[in-house]
Amino acid sequence: MSHSEHQSFWQKYIFSVDHKVIGCQYALTGLVFLFFGFCLMMLMRWQLAFPGEPLPVIGGLFSDTTMPGGVMLPEFYNSLGAMHGTIMVFLGVVPLAVGGFGNYLVPLQIGAPDMAFPKLNAASYWCYFVGGVVMFASFFVPGGAANSGWTSYPPLSDIATMGQTFWLFGMVALITSSLLGSVNFIVTIVHLRARGLSFFRLPFFVWAQFVTSFLLLLAFPPLEVAGVLQLMDRLAGSSFFLPSGLVISGTPLGVSGGGSPLLWQHLFWFLAHPEVYVLILPAIGIVTEIIVNNTRKPLYGYKTMVYSVLFLGFMSFVVWAHHMFMTGMGTTMSNFFQATTMIISIPSVVILTVLILTLWGGSIRFTVPMHFALAFLPMFAIGGLTGLPLGLTASDIPLHDTYYVIGHFHYVVAPGTLLALFGGVYYWYPKVTGRMMNEKLGKIHFWGSFLCLNGIFMPMFIQGLAGVSRRLYMPTVYAHAEAVQGTNVFMSYSAWILGLVQLIFIFNFFRSLKKGKKVESDNPWQATTLEWATPTPPPHGNFLQEPEVYRGPYEYSPPGRTEDFWPQNEEK
């Protein structure tokens, strides 16, 4: 559509094919689902802190099939757990990190007017939206939402309530969305780069999105196939995942049998381990951009970072079975996956080391985005280091299915990824809106989030080492769990305070749209990459004239220049 052609509200903001509008749609929808998924967790935390007690104030709003008298039923607790994991990963973090940040920034950072396939881009968002609506609707079907865990292991999930069918249809829509988006990203980065922008002049954020797109493209199809097969088991009477001889409540299950529940686990984890890197790589890309800009010096070891992220992406496909040591896969296979798991930690350490070395000797600006980026480093390190014992059979077996696993995973994706995503929001907000977010409120949001996130997840390592299972509806049912019940109360209060802190972010986000300080230039952070060479906010088509690139992405404090930055598109 030409610049002069009039667009209705629906064309411009709802069914737009402009990558920036679609990026904002992804980001806002993802943030809404993040908060919704977080609210589910806050409900669970009441049951964990005060098991069997009625939920005050809002407990009476729930139906008798979920919380009679305000007391949570076990089935509802299971639904909350399954849907919390599903929503946070597939409807919150990935759409925000890839769909939101990736859609908005990748074309800008490579000097392109849009994505390669704008209509495919819009189709990707609407598939995601439909998947989210289906997931949300499942809360209102008989039996409630899916309650077989976010991993949906059969045979339990094959015989679960109707909500599981909705979960599967929703996942098929979400995976289709990811496949459409990933193809678009790869073609865009390969074909639409500006003149002079070679691969080794790409900002690291683009590299992170590039590798992430390959992970989505190659890892998601097996899970989509698995989802269709499980639908066949539930709706068409097949037995892909149902073994022979199943008995439910004393009655033999009337199916042909012969299927394998382990087949689902292989197909699920073949996606789900690369999925961890789908969550973390865009976050690393965001943190890299923020750290380099705020240290005012070049990235230490740019090519080392690029080779590391490529190796990390490749290796993420050969570690999935370390989630399945308990299935008795045999010593040879266990040893193979132990070795690959240890190897994949190497590029992660290299990336972290490069970012820390970049700080060394820098003239650091402690802006709000930099607070979040700096906090990401130790959080990601804790998440990574605590994962090593889970990659070895000897230590994984006693820790398996305990809260230790939850603590490890969440340190990677919650204090890790979420802090990076918040940093990205503060960093690129001026480019998107033309206004700055309030700095004081931003720092209150940062410190509140940082402290509360650690208050929630650090005690999980204590619980896990005490042997507390992560699947307990009634945490005080065992003596060894009751001994650490006080940590549950502390974690729950931390979670509820964290929820209150997010209200500050929401207030700051919307208030700044109207009241925020206007930016004085198109490049308020004095950055070097191409997105800052556009007008603010970027118009349709992005650039007033076709950009050309003359140098790498991080030319800060170059000798002989009066300014301490040298934009990629500035010839001299």
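Look above for the structure.
Residues numbered from 1 in each chain as written. Predicted model: local features only at pLDDT ≥ 70, side-chain atom pairs only at ≥ 80, totals over all residues. Heavy atoms only, no water.

Caption draft 1: Region of interest: the overall build of the chain. From N to C terminus, the chain includes 15 helices and 2 strands. By the compact-globule yardstick of 25 Å for 572 residues, the chain fits well, its C-alpha radius of gyration being 24 Å. The principal-axis extents of the C-alpha atoms in the chain amount to approximately 80 × 55 × 45 Å. Accessible area of the chain: about 22900 Å², with a carbon and sulfur share of 69%. (Helix = DSSP H or I, 4+ residues; strand = E, 2+ residues; numbered from the N terminus. Rg over C-alpha atoms; globule rule 2.2 N^0.38 Å. Areas by Shrake-Rupley, 256 points an atom, 1.4 Å probe, with all protein chains shown as cover.)

Caption draft 2: Inspection of the environment of A137 at higher detail. Tracing the backbone shows A137 in helix α4 (residues 118-137). Overall, the relative accessible area of 27% leaves A137 in the partly exposed class. The spacing of A137 and G163 is 26 residues in sequence and 8.9 Å in space, taken between C-alpha atoms. (Buried < 20%, exposed > 50% of the residue type's maximum accessible area, 1.4 Å probe, protein only.)

Caption draft 3: Just empty space enclosed by the protein, in detail. For the structure on display, the rule yields 4 cavities of 30 Å³ or more. Looking at the largest cavity, its volume works out to about 180 Å³. Lining the largest cavity are 18 residues, with Y26, V94, P95, S177 and S178 sitting closest to its centre. Within the residue set of the lining of the largest cavity, elements represented by two or more residues are α3 (74-109), α4, α5 (162-191) and α6 (204-235). When its residues are assigned to classes, the lining of the largest cavity shows 10 nonpolar, 7 polar and 1 charged. (1 Å grid on protein atoms, 1.4 Å probe; cavity = no way out; pocket = protein on both sides within 12 Å on 5 of 7 lines; lining within 4 Å. Points joined across faces, edges and corners; volume = space filled by probe spheres on them. Nonpolar A, V, L, I, M, F, W, Y, C, P; charged D, E, K, R; others polar.)

Caption draft 4: Main features of unusual backbone geometry. With an omega dihedral of 10°, the bond running from P154 to P155 counts as a cis peptide bond. Tracing the backbone through its elements, the reader meets P155 in the loop between α4 and α5. Of the consecutive residues T536 and P537, the connecting peptide bond is found in the cis state with omega at -10°. Among the secondary structure elements, P537 is positioned in the segment after α15 (485-515). One non-glycine residue, R296, lies in the positive phi region at around 60°. Residue R296 is classed as buried on the basis of its relative accessible area of 5%. Unlike most non-glycine residues, Q526 shows phi in positive territory, near 55°. Relative to the elements of secondary structure, Q526 occurs in the segment after α15.

Caption draft 5: The arrangement of the layout of surface pockets in detail. In this structure, the second largest pocket occupies an estimated 1200 Å³ of space. Along the walls of the second largest pocket sit 40 residues, with K20, V21, C24, Y104 and V432 positioned nearest its centre. Breaking the lining of the second largest pocket down by element, the ones donating at least two residues are α1 (9-14), α2 (19-49), α3, α12 (403-433) and α15. Top contributing element to the lining of the second largest pocket by residue count: α2, with 8 residues.

Honestly, it's all geometry; don't read function into it.
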